[in-house]
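Chain residues, written in single-letter form:
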Amino acid sequence: MTTPKPPAACLIGWPAAHSRSPLIHHHWLRTLDLEGGYVIEAVPPEDLRDFVLRLSLRGFVGANVTIPHKEAVLALSTPDARARAVGAANTLWFADGELRSTNTDVEGFINNLDASAPGWDMAEAALVLGAGGSSRAVVFGLLERGISCVHVANRSMARAETLAQQFGSNVHPLPWDAIGDVLPRAKLLVNTTSLGMHGQPSLDVDLARLPQDAVVGDLVYVPLVTPLLAAAAARGLKTADGLGMLLHQAVRGFELWFGRRPEVTAELRALVEADLTKS
């Protein structure tokens, strides 16, 4: 009688070598004393369909999905409401013999806000900068949590308007040069653009116009403290950083694959911080 192999998951991307996901999942496997594995699979777009449809034959119980495959895997799986609404999936798993998909960026963003700035959801109005895939996950999460007014500012108004059409009348597209007009009413400001990331231009927003009890979030995690978060902290505002979202979005995938719900701890954060700062 053969012993069953321990469950294994993978990260599917092209390229994917930069990912911190293996570090996160291996830490949880160790701390929970579970047998299992997590590896990176660099899969070019032309091989994606074959790889995903043979996922279980390759010995995997599920996968994370990263750029550029997040949209393509929707057609290769059964997406849940979140993945459909966001238009992208980042987590695959099997249930009742069926390959299913979800987008854990939504709960990663929301759970990180809950941990970093409890009470943030008392905000009536939020301002989201950017209208790409990450923005869709953020907007979906805010609406699901009950935020009644979400302004979306983007340099291309057409993209902001498309997002507003998708999510309904509580989402209001905003020209980039009108950001300053909304700041005094925004109790939550979230940057979903790459502005402020290493090698990118900084994000020029006058945080002095935000209310004193506003919360500022940034999805960028390289650098760990972006100029936006540094400016918010200097004003005494609560902040939620991109590394926190990265850690929290990994929780559900691990639970689906390995059957235990892990915790985002200070030890895990320190581990990933150390890895980011040495790279």
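Quick note: structure is the one above.
A short tour of the structure in this document, coming up. Bear in mind that the values here come from a model prediction, so they are computed numbers and not experimental data. (Residues numbered from 1 in each chain as written. Predicted model: local features only at pLDDT ≥ 70, side-chain atom pairs only at ≥ 80, totals over all residues. Heavy atoms only, no water.)

### Observations concerning the pattern of salt bridges
Argument step 1. Scanning the model with the defined rule gives 15 salt bridges in all.
Argument step 2. In this structure, the salt-bridge partner of Asp96 is Arg100, at a minimum N-O distance of 3.6 Å.
Argument step 3. Salt bridges sharing partners connect three or more residues here, namely Arg20, Asp275 and Lys278. (Salt bridge = Lys/Arg side-chain N within 4 Å of Asp/Glu carboxyl O.)

### Concerning the packing of aromatic side chains
Argument step 1. The final tally for this structure, using the stated rule, is six aromatic pairs.
Argument step 2. Ring plane angle 75° and centroid distance 5.5 Å describe the contact between Trp28 and Phe254, whose orientation is recorded as edge-to-face. Residue Trp28 is located in helix H1 (residues 21–31), and its partner Phe254 is located in helix H9 (residues 242–258); the two are separated by 226 residues in the primary sequence. There is no split in this pair, since Trp28 and Phe254 are both buried.
Argument step 3. Taken together, the aromatic side chains of Trp28, Tyr38, Phe254, Trp257 and Phe258 make up a single cluster linked through ring pairs. (Phe/Tyr/Trp six-rings, centres within 6.5 Å; stacked < 30°, edge-to-face > 60°. Helix = DSSP H or I, 4+ residues; strand = E, 2+ residues; numbered from the N terminus. Buried < 20%, exposed > 50% of the residue type's maximum accessible area, 1.4 Å probe, protein only.)

### Focus: helix H4 (residues 105–116)
Owing to its 3.6 residues per turn, the α-helix aligns residues three or four sequence positions apart on the same side.
Argument step 1. Relative to the 16 Å expected for 12 residues at 1.5 Å per residue, H4 spans 16 Å between its end C-alpha atoms, a close match to the ideal helical length.
Argument step 2. By the burial criterion, the buried members of H4 are Asp105, Val106, Glu107, Gly108, Phe109, Ile110, Asn112 and Leu113.
Argument step 3. For H4, the secondary structure elements touched by its buried residues are helix H3 (81–86), helix H5 (133–145), strand E10 (188–191), strand E11 (215–218), strand E12 (238–240) and H9. (Expected span 1.5 Å × (residues − 1). Contact = heavy atoms within 4.5 Å.)

### Brief notes about the packing of H1 against H9
A pair of packed helices can be characterised by two numbers: the angle between their axes and the separation between those axes.
Argument step 1. Two numbers describe how H1 lies on H9: the axes approach to 10 Å, and their chain directions differ by 55°. Taken together, the axes of H1 and H9 are oblique relative to one another. For the pair H1 and H9, the sense of crossing is right-handed. From H1, Ile24, His25, Trp28 and Leu29 reach across to H9, where they touch Leu246, Leu247, Ala250, Val251, Phe254, Trp257 and Phe258.
Argument step 2. Its residues assigned to classes, the contact of H1 with H9 shows 10 nonpolar, one polar and no charged. (Axes fitted to C-alpha atoms, helices over the stretch in contact; angles between N-to-C directions. Parallel < 35°, antiparallel > 145°, perpendicular 65-115°, else oblique. Left-handed = near helix turned anticlockwise from the far one by under 90°. Nonpolar A, V, L, I, M, F, W, Y, C, P; charged D, E, K, R; others polar.)

### Points about the sheet that holds E11
Argument step 1. With parallel pairing, six strands are arranged side by side in an open sheet as E9-E8-E7-E10-E11-E12. Pairing within the sheet leaves two strands with one partner each, and these edge strands are strand E9 (171–175) and E12. When strand polarity is set aside, the average angle formed by the axes of neighbouring strands in this sheet is 20°.
Argument step 2. For E11 and E12, the ladder comprises three bridges, and the chain directions are parallel. Bridge pairing links Gly217 to Ala240 in E12. (Pairing = 2+ DSSP bridges.)

### Here's the deal with the environment of Ala123
Argument step 1. Position of Ala123 among the secondary structure elements: in the loop between H4 and strand E7 (125–129).
Argument step 2. C-alpha separation for the pair Ala123 and Arg185, spaced 62 residues apart in sequence, amounts to 9.4 Å.
Argument step 3. Filtering out sequence-adjacent residues up to four positions away, Ala123 remains in contact with Ile147 and Lys187.

### Some remarks on the sheet that holds strand E5 (residues 91–95)
Argument step 1. Spatially, the six strands line up as an open sheet ordered E2-E1-E3-E5-E6-E4, and their pairing is mixed. Looking at the sheet topology across the chains shown, the edges are occupied by strand E2 (37–42) and strand E4 (78–79).
Argument step 2. Pairing of strand E1 (residues 8–13) with E2, which is carried by six bridges, proceeds in the parallel orientation. Within E2, the residue paired with Cys10 across the bridge is Val39.
Argument step 3. Each of E1, E2, strand E3 (62–65), E5 and strand E6 (98–102) is contacted by H9, which is oriented at about 25° to E5, the strand it contacts most.

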